[in-house]
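An overview of the molecular structure
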Amino acid sequence: MIAGRSLHRYVLSSLQVVVLTAAVFFVTPSAPAWSQSRASLTGFVRDASTGETLILANVTLVRGEIGAATNTTGYYAITGIEPGTYTVVASYIGYSEFRTELTLAAGESRRLDIDLQPAEIGVLEVVVTADRETEEEVRRVGVAQLKTDLVKSLPAVLEPDVFRSLQLLPGVKAASDYSSGLYIRGGSPDQTLILLDRTTVYNPSHFFGFFSTFNPDAVKDVRLYKGGYPAEYGGRLGSVVDIYNKDGNRVGTHDTASLGLLASRAMVEGPYSRGSWMFAVRRSTLEPLLAVLKNQDIDGIPESFYFYDVNGKVNLDVSADDKVSASFYTGRDRLSLPIFDDEAGVDLQYGNFTGSANWTHIFSDKLYSNFTFTSSRYFSTPKFKFGGTEFNRSNKVYDISTKGDFEFRPEGDHAITGGFWAGNFTFRLNDTFDGESTLSERIQSLYASVYVQDEYKPASNWVLRGGLRANYFEGGDYIRLEPRLSIENRPSPQLRLQAGYGRYYQFLTLITSELFSGSDIWLTTDNGVPPAYGDQFVAGIKTSPRSGLNVDLELYYRTMKGLFTLDPFLPDAAGVAYEDLFQFGDGYAYGSEVLLEKQKGKLNGFVGYTLGLTRRRYFGFEGDKWFSPKYDRTHDLNVVGNFDVGRGWRFTGVFNYATGQAYTQPESQFKIVDSPLGSTVRDVIWAPFNESRLPAYHRMDIGASKIGGFLGFADYELQLQLLNVYSRENVWFYFFESQEDNSIKRTTVPQIPVPIPNISFTLKF
Amino acid sequence: MRIQRSILFALLGSMLLSGSALLSGCDSTSPDETSPRYVVESYLIAGEPFRRVLVSTTAGIDAQYNFGDRLVRDATVRIDRLAADGSTAESIPFERLSSVYQPVDQSVIVQPGATYRLVVNTADGNVVSSETTVPGAFEVVSVNADSVQYQGDVQVAVNISKSVYKDRQSIFVFSIESLDPSLDALTPVYSSFIESEDDLEDVLITESPPFNQDNYEANSDGTLTIKLPWLAVAFYGPNRIVASAIDDNLFDFLRSQSIQQGGSTFSPGEIPNVITHVDGGTGVFASMARASLQTYIGR
């Protein structure tokens, strides 16, 4: 294993990437002479009612047909503007359009901060993507944006959930009703990079995978890169979920409190003299139910079963060009379950902590920068006890990093971005059995990456984006280059034709179980364990036949080479060489996705359909044959609808249909009866691995909500929801077990088999 | 309108293209044959006489599996000891005796470190074969106490000499057999779920999963110290502890068979096949070395 290296090497690698990044900007061609006659327009776009910056809002100069989208801090920059008088239009779905006229003089750098007024309260808009003609980022191939309003409005099992909402998008699948894991374009959950305020989150789940850790009250923006993601991101083969928490209300102090069946939430936010702050907390409220069940002497009731999470953020405007913020997340799950009168039992605890400090500095109207220091910690400490023998595991992941991003907009046709990300990943795994250490593993690895990308617009209807990301991972001393390329043509304002390619490397692998995500383990590359890599080819046709209506098609093909995962047959890792812990393999996936989205009107929503295929093979497993992983679905259809009835009433419906999951249907059996080790007869099944399909999955959920005033001092929202309306008994899996009469019995383990009601009541002060 | 129509045509065309690509795409998953296969089972134990060989067939998954009905009684069975160059150094013939196959000469002893090949010729012309290399013999050197109190301060600790196996560390399976089982003698955790005399057989011998040698303390004299975990003790009273160093064939079979009913990192519903090293059939032809001792677990 890689032992801890000295600090100076870490500092050195960080400095190297900074120097490399700086070099990128030094070698950038200087602006042409005519640039002195051009003007620029920069600023932040905010929600007028809260002061929250808006990510991916659009700012356009009507005469001149140029514009820009705000970045992740709400900042936009339009350069190379010919002097003259323009109408500036700023737009964002769910907000009234902002228009103003201004005159820009030659060489002028104008700062224009824009406050957008929210549209009429109660009208839910912006479902998956934004829709303006020049909404650049969100209309790129493979990109989707999810508004938290939608997350909160969708019918949810007990608690609104960001990831379960993402699972409705085409190309994104769930493993089951009980899992919030994201299976995107044929990739497993570890192939998706999950960022919260630019910080990697290593196990974003509560209730052992039932739903994700992100509190929708605290979340401002969720952006999903399903594939072909740009060079500013890296480290995962498949996709990126980039989540930003709210900055806090800059206009007034507001409180929100929600009471739900499973959990309750509270959020408070407000301004102070030089910025804003936000604090949100959520905790399960199962204790009263558990107490009642315990009093009735029902077996198997946990002694303790809870989760909580806390989010906080504070922003400080140091100057017009310098803004700093600090944010944190912490969460924990706990299950303590005694069995057999305390002769046996389990005690499970796991959780995350993330913290980040962010500094945004605007050097000039042409150069924007953002620097972040991140810290992420994940832990799980499962303990098992049986007959006086204890098995304890302590599993910890630490990731500390620094990153910097630069946006350079020289006047002309280019927009150049670049940056670095360097950090230190540490993984510790300690097992004790019967009081003695049986495994003590420590993996520490420095990592660093630097990227540069250029967006070039040779003509008004062409956009070319090229990028290169270089990665270094100390575990095994790997250096890898990742080229990225995309091209977009707009034959008409309503039509975009897009294509892209990218090479991606992954230096980590997740060891997890779909049944239980509370003891996830991350392992890294090292000598003999090279990084996995893959190529992605994507193409898209994005259309907007009319305002507020999008019809999109995306095609993808991706490869996965050198996948490494813990050998599932390994019963004991003690003394096993690191490279022998793994099973190596390949994979591929391809498919097409259609999204029909109506963003406006009383009836809005989307229909998403995916026709897809994914395969895996591992060398030495099942004769090296390709097989369908369980999350492979040929057809996947999601229909989401919102109907605004008026008078504060809104109805929501969600329908899912998917091809049945792959499973293993046993075909023959035999018994081993003569073992000298013990008296047990061993039943053996022979089966073609994952070559059968469960019955098709389908389910409908509905919900209704009422918004109104509450006793004159608050607004309320009452949500009534019913999941699995028509009691569809979708199969989760079949369990095959030998019976005393020597037959094999198949038991069906269902997904949510009955209608489940949910009710929540929210007050906003 | 013309643009909208062209858009729809483009979408439709692309969908058809991608759909046909999916349908015609190479997909090398294909079902295997499902006809009955021959199953062999036999274990060689270092320093002990050859044990019997069982030959049977698989049954369909919907059938009631009666082992007696599946036995193959008309096969020819032999085990060859192989020389270093792979040639046959010694051949041990077997004969059918009451539906199973026993060595003709029951005085022949399994040699530690030797490689053996099982060859089964069936009446229909099939040849089922498998090879195993026997782990090196080892012995119990000492034990810390002849009698211990259940969950007391002192656990049974056994010093054993090392077993040698090809180019890997030794892998052990531990079995604890009660020599005086009864419902009254069950330890508390086992008495929680064993309710009748009929169920006693299920825990008469408790068996550990495979453990690597590196789990155990290596002493300066070359021995290993192995402690008996309390969870393995199902009965008070006299117990026999058996440590078995197993070969690759048994290790692969045990570790793959144990997760057919779930566990490990497989998704629920995914059932991996057992890893066997049998050509022309399936089953287990494995070897081990073992050592044992008796101890007394007091209340």
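Throughout, residues of each chain are indexed from 1 in the direction in which the sequence is written. Going through the entries in the order they are written, you letter the chains from A and number the ligands from 1. Given that this is a predicted model, residues contribute local features only at a pLDDT of at least 70 and side-chain atom pairs are listed and counted only at 80 or more, while totals for whole chains, interfaces and linings are drawn from all residues.

The numbering of helices and of strands both runs from the N terminus, where a helix is a DSSP run of H or I of at least 4 residues and a strand a run of E of at least 2. Along the backbone of chain B there are 5 helices and 19 strands. When each of the 299 residues of chain B is scored for burial, the buried share is 39%. Counting other C-beta atoms within 10 Å of a residue's C-beta gives its exposure: the residue is buried at 20 or more, exposed at 12 or fewer, and partly exposed in between, where C-beta atoms are placed from the backbone.

The subject of this paragraph is the confidence of the model for chain B. Residue and element names in this part refer to chain B. On average, chain B scores 87 in pLDDT, and the residues at 70 or more come to 89%. Counting contacts from residues 1-12, a segment whose pLDDT is below 50, to residues more than four positions away or on other chains yields 12 contacts. Overall, residues 14-33 carries pLDDT values under 50, and its contacts beyond four positions in sequence, including any with other chains, amount to 24 contacts. Interface confidence for the predicted complex, expressed as ipTM, amounts to 0.88; the pTM equals 0.88. Per-residue confidence from the predictor is reported as pLDDT, a score between 0 and 100. Contact between two residues is assigned whenever their backbone-derived C-beta positions fall within 7 Å.

In this section: the domain arrangement of chain B. Residue and element names in this part refer to chain B. For each domain, the first and last residues come from an automatic or database assignment. On domain assignment, one finds that chain B holds domain 1 (38-133) and domain 2 (140-275 + 288-298). The gap between the C-alpha centroids of domain 1 and domain 2 is 27 Å. Each partner contributes residues to the interface: domain 1 has 6 residues there, and domain 2 has 6 residues. Taken together, the elements giving at least two residues each to the side of domain 1 that touches domain 2 come down to β1 (38-45) and β8 (127-133). In this classification, Asp, Glu, Lys and Arg are treated as charged, Ala, Val, Leu, Ile, Met, Phe, Trp, Tyr, Cys and Pro as nonpolar, and every other residue, Gly included, as polar. Split by residue class, the side of domain 1 that touches domain 2 holds 4 nonpolar, 2 polar and no charged.

Quick look at the sheet that holds strand β11 (residues 157-160) of chain B now. All names here are of chain B. Here a strand pair is declared whenever DSSP counts at least two bridges between the two strands. The strand order across the open sheet formed by 4 strands is β9-β11-β16-β15, and the pairing between neighbours is antiparallel. Edge positions in the sheet fall to β9 (140-143) and β15 (217-218), since each of these pairs with one other strand and no more. Here β9 runs beside β11; their pairing, made up of 3 bridges, is antiparallel. Among the inter-strand pairings, Ser142 is bridged to a residue of β11, identified as Asn159.

This paragraph deals with the nonpolar core. In this structure, Val45 and Ala57 of chain A are the most contacted members of the largest nonpolar core, which totals 125 residues. If you tally residues by element for this core, the top one is strand β27 (residues 414-433) of chain A, at 8 residues. In this structure, this core is formed jointly by two domains, domain 1 (7-123) and domain 2 (143-764) of chain A, each of which donates at least three residues. Residues in contact with Val45 of chain A, not counting those within four places in the same chain, are Thr53, Leu54, Ala57, Val59, Thr70, Gly74, Tyr76, Ala90, Ile114 and Leu116 of chain A. Note on definitions: a nonpolar core is a set of buried residues drawn from Ala, Val, Leu, Ile, Met, Phe, Trp, Tyr and Cys, linked by C-beta atoms within 7 Å. Counting residues in hydrophobic clusters, the runner-up holds 85 residues, among them Val39, Ile45, Val134 and Ala245 of chain B.

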